[in-house]
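Residue strings, one per chain:
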Amino acid sequence: MWEARAAQGRGPELLEWARERSRVLAYEPERREVFRAPQDRVLVLTWWEAEAFDAELPELPEPDAELITRPVHRWRFEAVE
């Protein structure tokens with residue numbers, strides 16, 4: 001999970017940046033979804049088939065500092081039954 005908040009008025013630009021970067025990862029995730037939220041927030045969720053929780057997986061980079069208000073938040077989750 002990757003989440004960022006755009007600098008004032010730059011939400012559409014951050015959304016397009018995230019869409020583009022999520023399409024050119026080192027390899028394709030099983031599934032990918034991109035969301036937007038109030039306050040110019042952008043969220044990218046990717047699903048991966050991995051052997052271990054801490055497996056090496058492609059991640060979206062940090063956008064240019066002028067495009068965001070704070071560092072990107074990244075979290076990993078695993079499905080539970």
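In this convention, every chain numbers its residues from 1, walking through the sequence in written order. In view of the model being predicted, local features appear only for residues whose pLDDT reaches at least 70, and side-chain atom pairs are presented and counted only at 80 or more, with totals across whole chains, interfaces and linings using the full set of residues. Note: side-chain values were computed over all heavy atoms of the structure, leaving out hydrogens and water.

Undergrad: Before we move on, can you summarise the sheet that holds strand β1 (residues 2-5) with the specific residues and values?
TA: The pairing criterion is simple: DSSP has to find at least two bridges between the two strands. Secondary structure elements are taken from DSSP: a helix is a run of H or I of four residues or more, a strand is a run of E of two residues or more, and numbering for both begins at the N terminus. The four strands are arranged β2-β3-β1-β4 in an open sheet whose pairing can be described as antiparallel. The open sheet is flanked by β2 (31-37) and β4 (73-74), the only strands paired with a single partner. Relative to β4, β1 runs antiparallel, the two being bridged by two bridges. Residue pairing across strands places Glu-3 opposite His-73, the latter belonging to β4. The sheet strands contacting helix α1 (residues 11-23) are β1, β2 and β3 (41-47), and the helix crosses β2 at an angle near 175 degrees. Residues count as neighbours in contact if any of their non-hydrogen atoms are within 4.5 Å of one another. Every axis in this analysis is a line fitted to C-alpha atoms, fitted for helices over the stretch in contact. Angles between the N-to-C directions lie between 0 and 180 degrees.

Undergrad: Please give an account of the nonpolar core that cites residues and values.
TA: Residues Trp-2, Ala-4, Leu-14, Trp-17, Ala-18, Val-42 and Leu-60 are the most contacted members of the largest nonpolar core, which totals 16 residues. For this core, the element with the most residues is α1, which contributes four residues. When sequence neighbours within four positions are dropped, the list of residues in contact with Trp-17 reads Trp-2, Leu-60, Pro-61, Glu-62, Pro-63 and Leu-67. To define a nonpolar core, start from buried Ala, Val, Leu, Ile, Met, Phe, Trp, Tyr and Cys residues and group those joined through side-chain atoms within 4.5 Å. Type-normalised accessible area, obtained with a 1.4 Å probe on protein chains alone, sets the label of each residue: buried when under 20%, exposed when over 50%, and partly exposed for intermediate values.

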